[in-house]
Amino acid sequence: HGCFFVILPLLIVAFALYYGAGNPMAGEPTFDENGKVSEPASWSWWVLFVVRQFFLLSCVKAGEVISIDILALRTPIFIKTIGSFATLMIVQARGWPYVIMFWGIVDFAFLFGYHKFALHWLFWQDWLDVFTMKNPPGNFLSSSLYLRILLCMIFVGLFTALKRLWLATFLGRRSYDHYGPELEKVLGKMLLVSQIAHLARQIEAQVVTSRVNDGYAYTMQTNVKFPGATSESEEETPVQQGRKVLDENLPGTGNKNSGGSGTDSPGDGFGQDLLNVGIGPKHATGASSRGLDKFRSDTMKNIGSSSRLQIMSLLEEWEEPEIRSSSASKATIKDILQFRQAISLMDDKYPFTPAFGPASTRAICVDSSDSLYDRLLESTPDKSLLPFETLSQIAYDNKGNLMRDKAKALIRLFRPDRRGYLTKLDFVSSIDTVYKDLRLFRASLANSSTIDDSFESIMNVLTAILAICGILLIIGFNQWKAVSSLAAFLVSFSFMFGAASSKYFEGILLIFVRRPYDIGDKIALSDPSTDTSASGSSTWFVEKVTLFTTTVRFATTNEVATYSNGSLAPLRIINAKRSPKAVVYVYHKFGSDAPFKMVKVFQTAIENFVKSRPREWVALNGFRATRVEMELNFIEYVVVLTHREMWQNIGPILQSQADLASFGLEVSKKLNLRYISPPKPIHLSTEKSGRNKYIESDSTMGGKENEINQVAEMFRNE
């Protein structure tokens, strides 16, 4: 198109001017300081000059495609020849900086100076005089003005390329340092799910052996680590050790040496190989009773053939996050390139590989998870629930050795019951959790680019000012007088805007250096000199962040507010998303004359309640008395627990807290521990009959335990 619509018409115009119009001159002759006459160039030469410039521009743009899109990005030639830094700078210069810089360099090589080739490219032929020295070229190509123009082109292109390179590496390092550890955790979970999907494919093809050790999905080394998925320590706390002893001594719990067969045998779903190496019920996060397991089994038998809508109704409600895409740099250092390559895997329609199925939305992911569960269940057609032993086949390396970290990561991801079985709802819910982590991480990373864009816009203004100063220096303009007069003018305004400028830069440091929150986080603001509430803080959703303001929405009422970032700098900013798992406190009041034995029974009932809900609670941290008010005739106990959710997802936390409080109330009623506030004036009786109501015989205690079991069964059915 350039040849037919630009070069060819201009050549026709040049020929017409030279041969048809008598080759008119573009100006009058001039005299230099020595009195030498300098002839101007003809109009036909200027037209040919434009043709040659357009030809060189076309060559530069073609060279950009070849050098960047092909050689730099698709081959290692540039990295091996000119090094990684120069290669990255060339790649970052893509676009007008590359074109203007190399256009100036090519002009220096082919279109600068007073030699014959620069004046006329076809000077060697004699059958077209318009392309020879007979067509006056003038002295523009050797003038200082043309030299300075070319130097400005090279300077602006090179300066912009270096600015882009610095921004790309600086912002890339920030994203890598901030999101790298979280990305490692998400990718570890994605890898486990994809390997489970490949295992199901092999089960369908009936090629799975006793050791799954072939295929791309099973090539992990024995020293593989799963950050955030495996346990932090192999050692157990004294409380955990005590509970472990109690669990082993409970009737019907058994151990790896106990007999039994079928789904009723404790640890049967883990398989004998895992039990022999010490991986089994003790690594399961809950102590599911037989009654509860039977209830879940009977319920999931009916769901097994249900549609996706029935499963979705049982899952926690969740809204897909909005991903605000933004342009990103094309190249950075090696680690950042790997980071961005890993990010690109999350944007695929099949983030868990095609063996799992499509997972572009949550509903589609649930469909694929439902189908995956049915395919895995084909390996054990005699069982109604999926045994963990089936999933553990991916935890063996090519030599048949068990990778303990990987087996524990699978247990933590899918959380089977203590017998080692997974219901369809539990299986789908586990994969749904991975999908939500994936989508939330991708949305957080994409939305954080708005802050980087704001910073880049500021840097663009600063670099534009510096580039203009550099151009003025190259041209020879004395800008220092203008700068000094302008500085004197601005000093008078500095007293007016000093405080505002200070707040402005405090806000920039808050957002760009401290970076206390991202878009989508829940935050709470408070005075650093006062303590926060132990029951949690009122939070705001971060909806939009710039370098100047932060837009938030109140989580309770959906009211929207805007803060200046400078006003947030001196405050304590609590980030619910970055906080660890929520610690919850539930308080109970008992009468001061309640026997300690009954309180221990209450504690045991609470422990069993918590342990039967491994998908809600991580651990029971403590049960202790916090207040002893003899004048008011009560003792207050607190139950301290760690929930599986962070405060970012407060809905399930509040629901679990309410369930535990309701259960504790019902148990306290059964044990006659319910505290009733005495009427005023307070009369404390010391009669013996007041204490006798808590004296229980062994037979009565047995009846109380039966009543507690009935209360627990009521909550299980709900």
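Computed from a predicted structure; not experimentally measured.

When helices and strands are tallied, the protein chain shows 23 helices and twelve strands. Residues classed as buried in the protein chain amount to 41% of the 718 residues present. Taking as baseline every contact in the protein chain between residues at least 6 positions apart, the subset at least 24 positions apart corresponds to 72%. About 38,100 Å² of surface is accessible on the protein chain, with carbon and sulfur atoms providing 59% of the total.

This paragraph deals with the packing of aromatic side chains. Applying the stated criterion to the full structure yields 34 aromatic pairs. Pairing Phe 15 with Tyr 19 gives two aromatic rings, centres 5.7 Å apart and planes at 25 degrees, and the pair type is stacked. Linking Phe 15 with Tyr 19, this pair stays in helix H1 (residues 2-20), spanning four residues, or about one helical turn. The partly exposed category is assigned to Phe 15, whose relative accessible area is 29%. Here a set of aromatic residues connected by ring pairs shows up, and it is made of Trp 45, Trp 46, Phe 49, Phe 108, Phe 112, Phe 140 and Tyr 146. Between Arg 52 and the ring centre of Trp 121, over which it is positioned, the NZ or CZ distance is 5.3 Å. When the ring centre of Phe 634 is taken as origin, the NZ or CZ atom of Lys 589, which lies over that ring, is 4.5 Å away.

The next thing to look at is the side chain of Arg 375. When you line up the elements, Arg 375 lands in helix H13 (residues 362-377). Not counting residues up to four positions away in its chain, the partners in contact with Arg 375 are Ala 197, Ala 200, Arg 201, Ile 203, Glu 204, Ala 355 and Phe 356.

With that settled, the discussion passes to unusual backbone geometry. Even without a glycine there, the phi angle at Asn 558 is positive, about 65 degrees. You will see that Asn 633, though not glycine, has its phi angle at about 65 degrees, which is positive. Assignment of secondary structure puts Asn 633 in the loop between strand S11 (617-629) and strand S12 (634-646). Judged by its relative accessible area of 24%, Asn 633 falls in the partly exposed class.

This brings us to the pattern of salt bridges. Under the defined criterion, the tally for this structure stands at 13 salt bridges. Arg 553 is the partner of Glu 543 in a salt bridge, and the nearest nitrogen-oxygen pair spans 2.5 Å. Of this pair, Glu 543 sits in strand S6 (residues 540-545) while Arg 553 sits in strand S7 (residues 549-554), and the two are ten residues apart along the sequence. Look at Arg 553 and you get partly exposed, because its relative accessible area is 23%. Each member of the salt-bridge network shares a partner with another, and the members are Arg 362, Asp 432 and Lys 436.

In this section: a nonpolar patch on the surface. Residues Phe 110, Phe 117, Leu 122, Phe 123 and Trp 124 make up a contiguous nonpolar surface patch of roughly 490 Å² in combined accessible area. Residue position: Phe 110 is located in helix H5 (residues 96-110). The class of Phe 110 is partly exposed, set by a relative accessible area of 39%.

Here the focus is the nonpolar core. Within the largest apolar cluster, 44 residues are counted, with the highest numbers of intra-cluster contacts made by Leu 376 and Phe 427. Listing elements by their share of this core, those giving two or more residues are helix H7 (144-205), helix H12 (334-346), H13, helix H14 (388-391), helix H15 (404-414), strand S4 (421-422) and helix H16 (424-447). Among the elements that line this core, the one with the most residues is H7, at eleven residues.

So, about the sheet that holds strand S9 (residues 572-575). Spatially, five strands are ordered S8-S7-S6-S5-S9 in an open sheet, and the strand pairing comes out antiparallel. The sheet is open, and its two borders are formed by strand S8 (560-564) and S9, each paired with just one other strand. Each strand of the sheet is rotated relative to its neighbour by a mean of 40 degrees, with strand direction disregarded. In this sheet, S8 lies alongside S7 in antiparallel orientation, the contact comprising five bridges. Looking at S8, one finds that Thr 549 is bridged to Ser 564.

Assignment of secondary structure puts Glu 636 in strand S12. In this structure Glu 636 touches Tyr 587, His 588, Lys 589, Arg 624, Ala 625, Thr 626 and Arg 627, once residues within four positions along its chain are discounted.

Here three strands make up an open sheet; going across it, the order is S10-S12-S11 and the pairing antiparallel. What marks the edges here is a single partner per strand, and that holds for strand S10 (581-591) and S11. Mean inter-strand twist for the sheet, computed between neighbouring axes without regard to direction, equals 20 degrees. As judged from the ten bridges shared by S10 and S12, these two strands associate in the antiparallel manner. Its bridge partner being in S12, Gly 591 is matched across the sheet by Phe 634. Sheet strands in contact with helix H20 (residues 596-611) are S10, S11 and S12, and its direction is about 155 degrees off that of S11. The strands that helix H21 (residues 650-670) touches are S10, S11 and S12; relative to S10, the one it contacts most, it runs at about 20 degrees.

Every α-helix carries 3.6 residues per turn, so stepping three or four residues along brings you back to the same face. With 16 residues, H13 extends 23 Å between its outermost C-alpha atoms, agreeing within 8% with the 22 Å of an ideal straight helix rising 1.5 Å per residue. By the burial criterion, the buried members of H13 are Arg 362, Cys 365, Val 366, Ser 368, Ser 369, Asp 370, Leu 372, Tyr 373, Arg 375, Leu 376 and Leu 377.

Let us look at the packing of H7 against H13. Relative to each other, H7 and H13 sit at 50 degrees, their axes nearing to 8 Å. Classified by the angle their axes make, H7 and H13 are oblique. In this structure, the crossing between H7 and H13 has a hand that is left-handed. Contacts from Ile 196, Ala 197, Leu 199, Ala 200, Arg 201, Ile 203 and Glu 204 in H7 reach Leu 372, Arg 375 and Leu 376 in H13. Considered class by class, the residues forming the contact of H7 with H13 number seven nonpolar, no polar and three charged.

Inspection of the secondary structure assignment puts Tyr 350 in the loop between H12 and H13. We classify Tyr 350 as partly exposed; its relative accessible area is 31%. Taking the C-alpha atoms as reference, Tyr 350 lies 9.6 Å from Cys 365; in sequence the two are 15 residues apart. If we skip the residues at most four places from it in the chain, Tyr 350 touches Gly 357 and Pro 358.

Here we come to the packing of helix H2 (residues 43-74) against H5. Between H2 and H5, the shortest axis-to-axis distance is 9 Å and the interhelical angle comes to 125 degrees. Taken as axis vectors, H2 and H5 run oblique relative to one another. The element H2 and its partner H5 pack so that their crossing is right-handed. For the pair H2 and H5, the contacting residues are Gln 53, Leu 56, Leu 57, Val 60, Lys 61, Gly 63, Glu 64, Ser 67 and Ile 68 in the first and Tyr 98, Val 99, Phe 102, Trp 103, Val 106, Asp 107 and Phe 110 in the second. Residues that form the contact of H2 with H5 fall into these classes: ten nonpolar, three polar and three charged.

Each value, and the rule that gives it
Residues numbered from 1 in each chain as written. Predicted model: local features only at pLDDT ≥ 70, side-chain atom pairs only at ≥ 80, totals over all residues. Heavy atoms only, no water. Helix = DSSP H or I, 4+ residues; strand = E, 2+ residues; numbered from the N terminus. Buried < 20%, exposed > 50% of the residue type's maximum accessible area, 1.4 Å probe, protein only. Contact = heavy atoms within 4.5 Å. Areas by Shrake-Rupley, 256 points an atom, 1.4 Å probe, with all protein chains shown as cover. Phe/Tyr/Trp six-rings, centres within 6.5 Å; stacked < 30°, edge-to-face > 60°. Lys NZ or Arg CZ within 6 Å of the ring centre and 35° of its normal. Salt bridge = Lys/Arg side-chain N within 4 Å of Asp/Glu carboxyl O. Patch = residues over 30% accessible without salt bridge, like charges linked within 9 Å, V, L, I, M, F, W, Y side chains within 5 Å. Core = buried A, V, L, I, M, F, W, Y, C linked by side-chain atoms within 4.5 Å. Pairing = 2+ DSSP bridges. Axes fitted to C-alpha atoms, helices over the stretch in contact; angles between N-to-C directions. Expected span 1.5 Å × (residues − 1). Parallel < 35°, antiparallel > 145°, perpendicular 65-115°, else oblique. Left-handed = near helix turned anticlockwise from the far one by under 90°. Nonpolar A, V, L, I, M, F, W, Y, C, P; charged D, E, K, R; others polar.

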